[in-house]
Amino acid sequence: MIIKDKKHFFIGIILTIGFAGLFLLIISPVFGDGKNGLEYADDIFNKLSKGSSYFIPKLSTAIEPYKGKQFNVTVKYPSADDAQRAAKLFQISGANIEQKGNSLIIQGDLGNILTIIVRDSDLMYKNKGEEVREIYGYDEKKALKDWWVSLNQISKTFKANKLFEESKILEEVNKKAVEPAYNFYKIEAVKVSEKVLIMAILLAGYVIYTIWWGYSVYHLFEGIGLTAKKPKVKKEI
(Lines give C-alpha, C1' and ligand atoms only; values in the text may rest on other atoms or scores of the structure.)
Protein backbone atom coordinates (compact mmCIF):
# COMPACT_ATOMS: atom_id res chain seq x y z
CA MET A 1 0.00 0.00 0.00
CA ILE A 2 1.42 3.35 -1.07
CA ILE A 3 0.80 6.32 1.25
CA LYS A 4 0.35 9.43 -0.86
CA ASP A 5 -0.63 11.87 1.88
CA LYS A 6 0.90 11.07 5.28
CA LYS A 7 -1.00 13.78 7.10
CA HIS A 8 -4.43 12.51 6.08
CA PHE A 9 -3.39 8.88 6.52
CA PHE A 10 -2.16 9.29 10.09
CA ILE A 11 -5.20 11.38 11.04
CA GLY A 12 -7.30 8.49 9.69
CA ILE A 13 -5.27 5.97 11.73
CA ILE A 14 -5.71 7.98 14.93
CA LEU A 15 -9.45 8.37 14.32
CA THR A 16 -9.79 4.66 13.55
CA ILE A 17 -7.96 3.67 16.74
CA GLY A 18 -10.18 6.01 18.75
CA PHE A 19 -13.25 4.60 17.02
CA ALA A 20 -12.14 1.04 17.80
CA GLY A 21 -11.70 2.01 21.46
CA LEU A 22 -15.17 3.51 21.55
CA PHE A 23 -16.61 0.42 19.88
CA LEU A 24 -14.96 -1.85 22.47
CA LEU A 25 -16.44 0.31 25.22
CA ILE A 26 -19.91 0.08 23.66
CA ILE A 27 -19.83 -3.74 23.46
CA SER A 28 -18.42 -4.10 26.99
CA PRO A 29 -20.82 -5.00 29.86
CA VAL A 30 -20.09 -1.81 31.79
CA PHE A 31 -23.52 -0.19 31.62
CA GLY A 32 -26.52 -0.65 33.93
CA ASP A 33 -27.01 -4.22 35.28
CA GLY A 34 -24.06 -5.59 33.32
CA LYS A 35 -25.48 -4.66 29.92
CA ASN A 36 -23.35 -3.55 27.01
CA GLY A 37 -24.10 -0.25 25.28
CA LEU A 38 -26.33 -1.76 22.61
CA GLU A 39 -28.37 -3.73 25.15
CA TYR A 40 -28.65 -0.68 27.40
CA ALA A 41 -29.88 1.54 24.55
CA ASP A 42 -32.30 -1.14 23.36
CA ASP A 43 -33.67 -1.50 26.89
CA ILE A 44 -34.15 2.25 27.26
CA PHE A 45 -35.98 2.61 23.93
CA ASN A 46 -38.18 -0.42 24.70
CA LYS A 47 -39.20 1.18 27.99
CA LEU A 48 -39.92 4.49 26.26
CA SER A 49 -41.91 2.73 23.52
CA LYS A 50 -44.01 0.97 26.13
CA GLY A 51 -44.56 4.23 27.99
CA SER A 52 -46.10 5.77 24.87
CA SER A 53 -48.24 2.72 23.99
CA TYR A 54 -50.86 2.77 26.74
CA PHE A 55 -54.27 3.12 25.06
CA ILE A 56 -56.36 1.11 27.55
CA PRO A 57 -58.39 4.04 28.99
CA LYS A 58 -59.53 5.19 25.53
CA LEU A 59 -60.32 1.63 24.46
CA SER A 60 -62.39 1.06 27.61
CA THR A 61 -64.60 3.96 26.52
CA ALA A 62 -64.66 2.86 22.87
CA ILE A 63 -66.03 -0.62 23.64
CA GLU A 64 -68.90 0.61 25.83
CA PRO A 65 -71.42 0.89 22.91
CA TYR A 66 -70.91 -2.81 22.11
CA LYS A 67 -72.12 -4.05 25.50
CA GLY A 68 -75.31 -5.99 25.01
CA LYS A 69 -74.57 -6.63 21.33
CA GLN A 70 -74.91 -10.38 20.74
CA PHE A 71 -72.90 -12.25 18.13
CA ASN A 72 -72.66 -15.79 16.82
CA VAL A 73 -69.59 -16.90 14.86
CA THR A 74 -67.63 -20.01 13.98
CA VAL A 75 -63.87 -19.68 14.45
CA LYS A 76 -61.35 -22.15 13.07
CA TYR A 77 -58.05 -22.68 14.92
CA PRO A 78 -54.78 -24.34 13.83
CA SER A 79 -55.45 -27.38 16.03
CA ALA A 80 -58.00 -28.91 18.40
CA ASP A 81 -55.73 -28.05 21.36
CA ASP A 82 -55.70 -24.38 20.32
CA ALA A 83 -59.49 -24.43 20.06
CA GLN A 84 -59.78 -26.04 23.49
CA ARG A 85 -57.63 -23.35 25.12
CA ALA A 86 -59.60 -20.59 23.40
CA ALA A 87 -62.85 -22.22 24.53
CA LYS A 88 -61.72 -21.81 28.14
CA LEU A 89 -61.11 -18.09 27.53
CA PHE A 90 -64.57 -17.50 26.11
CA GLN A 91 -66.35 -19.68 28.68
CA ILE A 92 -64.80 -17.78 31.58
CA SER A 93 -65.82 -14.58 29.76
CA GLY A 94 -69.46 -15.69 29.83
CA ALA A 95 -69.89 -16.87 26.23
CA ASN A 96 -71.58 -20.09 25.10
CA ILE A 97 -69.13 -22.40 23.35
CA GLU A 98 -69.48 -25.50 21.23
CA GLN A 99 -66.28 -27.16 20.03
CA LYS A 100 -66.14 -29.25 16.87
CA GLY A 101 -62.59 -30.47 16.30
CA ASN A 102 -60.43 -27.40 15.73
CA SER A 103 -63.43 -25.06 15.38
CA LEU A 104 -65.48 -23.17 17.95
CA ILE A 105 -69.04 -21.92 17.64
CA ILE A 106 -69.09 -18.85 19.87
CA GLN A 107 -72.20 -17.03 21.10
CA GLY A 108 -71.90 -14.12 23.47
CA ASP A 109 -71.99 -10.44 24.32
CA LEU A 110 -69.37 -8.65 22.21
CA GLY A 111 -68.91 -5.78 24.65
CA ASN A 112 -68.50 -8.05 27.67
CA ILE A 113 -65.90 -10.19 25.93
CA LEU A 114 -63.96 -7.11 24.77
CA THR A 115 -64.05 -5.78 28.33
CA ILE A 116 -62.46 -9.01 29.57
CA ILE A 117 -59.78 -8.87 26.85
CA VAL A 118 -58.96 -5.24 27.66
CA ARG A 119 -58.75 -6.16 31.34
CA ASP A 120 -56.35 -9.02 30.62
CA SER A 121 -54.28 -6.75 28.38
CA ASP A 122 -54.13 -4.12 31.10
CA LEU A 123 -52.89 -6.68 33.63
CA MET A 124 -50.22 -7.87 31.21
CA TYR A 125 -49.20 -4.31 30.33
CA LYS A 126 -48.70 -3.68 34.05
CA ASN A 127 -46.63 -6.90 34.30
CA LYS A 128 -49.26 -8.66 36.41
CA GLY A 129 -49.31 -11.76 34.26
CA GLU A 130 -49.65 -14.08 37.24
CA GLU A 131 -53.24 -12.83 37.67
CA VAL A 132 -54.06 -13.76 34.06
CA ARG A 133 -52.43 -17.15 34.58
CA GLU A 134 -54.54 -17.76 37.68
CA ILE A 135 -57.75 -16.90 35.83
CA TYR A 136 -57.23 -19.26 32.89
CA GLY A 137 -54.90 -21.86 34.34
CA TYR A 138 -52.13 -21.66 31.74
CA ASP A 139 -49.28 -19.44 30.55
CA GLU A 140 -50.34 -15.80 30.44
CA LYS A 141 -48.56 -14.96 27.16
CA LYS A 142 -50.12 -17.96 25.48
CA ALA A 143 -53.52 -16.85 26.76
CA LEU A 144 -53.04 -13.37 25.31
CA LYS A 145 -51.92 -14.86 22.01
CA ASP A 146 -55.07 -17.01 21.97
CA TRP A 147 -57.13 -13.84 22.44
CA TRP A 148 -55.25 -12.24 19.52
CA VAL A 149 -55.87 -15.19 17.22
CA SER A 150 -59.55 -15.33 18.22
CA LEU A 151 -60.16 -11.61 17.64
CA ASN A 152 -58.33 -11.76 14.33
CA GLN A 153 -60.48 -14.65 13.10
CA ILE A 154 -63.75 -13.15 14.38
CA SER A 155 -62.85 -9.84 12.72
CA LYS A 156 -62.46 -11.60 9.36
CA THR A 157 -65.86 -13.25 9.80
CA PHE A 158 -67.47 -9.91 10.66
CA LYS A 159 -65.97 -8.34 7.54
CA ALA A 160 -67.29 -11.19 5.40
CA ASN A 161 -70.75 -10.50 6.88
CA LYS A 162 -70.34 -6.73 6.29
CA LEU A 163 -70.21 -5.95 10.01
CA PHE A 164 -67.48 -3.39 9.46
CA GLU A 165 -67.86 -1.40 12.69
CA GLU A 166 -67.68 -4.57 14.77
CA SER A 167 -64.66 -5.73 12.80
CA LYS A 168 -62.93 -2.39 13.30
CA ILE A 169 -63.31 -2.39 17.10
CA LEU A 170 -61.84 -5.90 17.27
CA GLU A 171 -58.85 -4.79 15.22
CA GLU A 172 -58.36 -1.76 17.48
CA VAL A 173 -58.44 -3.90 20.62
CA ASN A 174 -55.89 -6.26 19.08
CA LYS A 175 -53.62 -3.46 17.89
CA LYS A 176 -53.85 -1.08 20.85
CA ALA A 177 -54.36 -3.46 23.77
CA VAL A 178 -53.39 -7.06 23.09
CA GLU A 179 -50.27 -6.44 20.96
CA PRO A 180 -48.60 -3.82 23.22
CA ALA A 181 -49.39 -5.90 26.30
CA TYR A 182 -47.89 -9.02 24.71
CA ASN A 183 -44.84 -7.38 23.13
CA PHE A 184 -43.87 -5.25 26.14
CA TYR A 185 -44.67 -7.82 28.84
CA LYS A 186 -42.22 -7.63 31.76
CA ILE A 187 -40.70 -4.39 30.44
CA GLU A 188 -40.94 -1.34 32.70
CA ALA A 189 -42.94 1.50 31.15
CA VAL A 190 -41.13 4.86 31.17
CA LYS A 191 -42.39 8.22 29.90
CA VAL A 192 -40.24 10.19 27.47
CA SER A 193 -40.41 13.20 29.81
CA GLU A 194 -38.62 11.14 32.48
CA LYS A 195 -35.65 10.27 30.25
CA VAL A 196 -35.11 13.38 28.13
CA LEU A 197 -31.43 13.73 29.07
CA ILE A 198 -30.60 10.06 28.43
CA MET A 199 -32.43 10.16 25.10
CA ALA A 200 -30.49 13.27 24.05
CA ILE A 201 -27.18 11.63 25.03
CA LEU A 202 -27.98 8.42 23.14
CA LEU A 203 -29.09 10.24 20.00
CA ALA A 204 -26.11 12.60 20.10
CA GLY A 205 -23.81 9.64 20.68
CA TYR A 206 -25.23 7.84 17.66
CA VAL A 207 -24.66 10.90 15.46
CA ILE A 208 -21.10 11.42 16.75
CA TYR A 209 -20.32 7.70 16.38
CA THR A 210 -21.49 7.69 12.74
CA ILE A 211 -19.65 10.89 11.80
CA TRP A 212 -16.50 9.70 13.58
CA TRP A 213 -16.32 6.55 11.45
CA GLY A 214 -17.09 8.53 8.31
CA TYR A 215 -14.18 10.89 8.91
CA SER A 216 -11.88 7.96 9.74
CA VAL A 217 -12.59 6.35 6.37
CA TYR A 218 -12.37 9.69 4.58
CA HIS A 219 -8.88 10.48 5.90
CA LEU A 220 -7.59 6.95 5.29
CA PHE A 221 -8.77 7.04 1.67
CA GLU A 222 -7.30 10.50 1.20
CA GLY A 223 -4.03 9.21 2.58
CA ILE A 224 -3.76 6.38 0.06
CA GLY A 225 -4.96 8.52 -2.82
CA LEU A 226 -8.51 7.22 -3.16
CA THR A 227 -10.72 10.29 -3.56
CA ALA A 228 -14.04 11.16 -5.10
CA LYS A 229 -12.58 14.14 -6.91
CA LYS A 230 -12.61 14.19 -10.70
CA PRO A 231 -9.12 13.87 -12.16
CA LYS A 232 -7.77 16.93 -13.88
CA VAL A 233 -8.10 16.71 -17.67
CA LYS A 234 -4.85 17.46 -19.48
CA LYS A 235 -5.36 19.80 -22.38
CA GLU A 236 -3.59 18.92 -25.54
CA ILE A 237 -1.39 21.65 -27.01
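Below, the structure is looked at part by part.

## Some thoughts on the pattern of salt bridges
What the rule picks out here adds up to 11 salt bridges. E188 is the partner of K47 in a salt bridge, and the nearest nitrogen-oxygen pair spans 3.6 Å. Residue K47 is located in helix α2 (residues 37-51), and its partner E188 is located in the loop between α8 (164-183) and α9 (196-223); the two are separated by 141 residues in the primary sequence. Ionic pairing is found between E98 and K100, a salt bridge with its closest N-O pair at 3.9 Å. Counted as one network, the salt bridges with shared partners bring together D43, K47 and E188.

## Some thoughts on α2
Here α2 contains 15 residues, and its C-alpha end-to-end distance of 21 Å stays within 8% of the 21 Å for a straight helix at 1.5 Å per residue. Within the span of α2, buried status applies to G37, A41, I44, K47, L48 and K50. Elements in contact with the buried residues of α2: α1 (6-26), α5 (110-125) and α9. For α2, the side-chain oxygen to backbone nitrogen distance between the N-cap and L38 is 3.0 Å, and the N-cap itself is N36.

## As for the layout of surface pockets
By volume, the largest pocket amounts to about 530 Å³. Every residue lining the largest pocket is counted, 18 residues in all, and those nearest its centre are I26, G37, L202, G205 and Y206. The set of elements that each furnish at least two residues to the lining of the largest pocket consists of α1, α2 and α9. A per-element tally of the lining of the largest pocket places α9 first, with 8 residues. In terms of residue class, the lining of the largest pocket is built from 16 nonpolar, 2 polar and no charged.

The rules we used
Every chain is numbered on its own, with residues counted from 1 as its sequence reads. Only residues with pLDDT of 70 or above have their local features reported here, since the model is predicted, and side-chain atom pairs are shown and tallied only from 80 upward, although totals for entire chains, interfaces and linings are computed over all residues. Neither water nor hydrogens contribute to the side-chain values; these are computed over all heavy atoms in the structure. We define a salt bridge as a contact between a side-chain nitrogen of Lys or Arg and a carboxyl oxygen of Asp or Glu at a distance within 4 Å. A run of H or I in DSSP becomes a helix once it reaches four residues, and a run of E becomes a strand once it reaches two; helices and strands are each numbered from the N terminus. By this rule the span expected of a helix is its residue count minus one, scaled by 1.5 Å. For every residue, the accessible area (1.4 Å probe, protein chains only) is compared with the maximum for its type, and the residue is labelled buried under 20%, exposed over 50%, or partly exposed between those bounds. Contact between two residues is taken to exist if any of their heavy atoms lie within 4.5 Å; hydrogens are not considered. Counting of polar contacts relies on pairs of N or O atoms within 3.5 Å, with two restrictions inside protein: one atom must be capable of donating a hydrogen and the other of accepting it, and residues adjacent in sequence are counted only when both atoms are side-chain atoms. Whether a set of points on the 1 Å grid over the protein atoms alone is a cavity depends on a 1.4 Å probe fitting there but being unable to get out, while an open set qualifies as a pocket with protein on both sides within 12 Å along at least five of seven lines; lining residues are those with an atom within 4 Å of a point. Grid points are joined across faces, edges and corners, and a volume is the space filled by probe spheres set on the points. When residues are sorted by character, Ala, Val, Leu, Ile, Met, Phe, Trp, Tyr, Cys and Pro go into the nonpolar class, Asp, Glu, Lys and Arg into the charged class, and all the rest, Gly among them, into the polar class.

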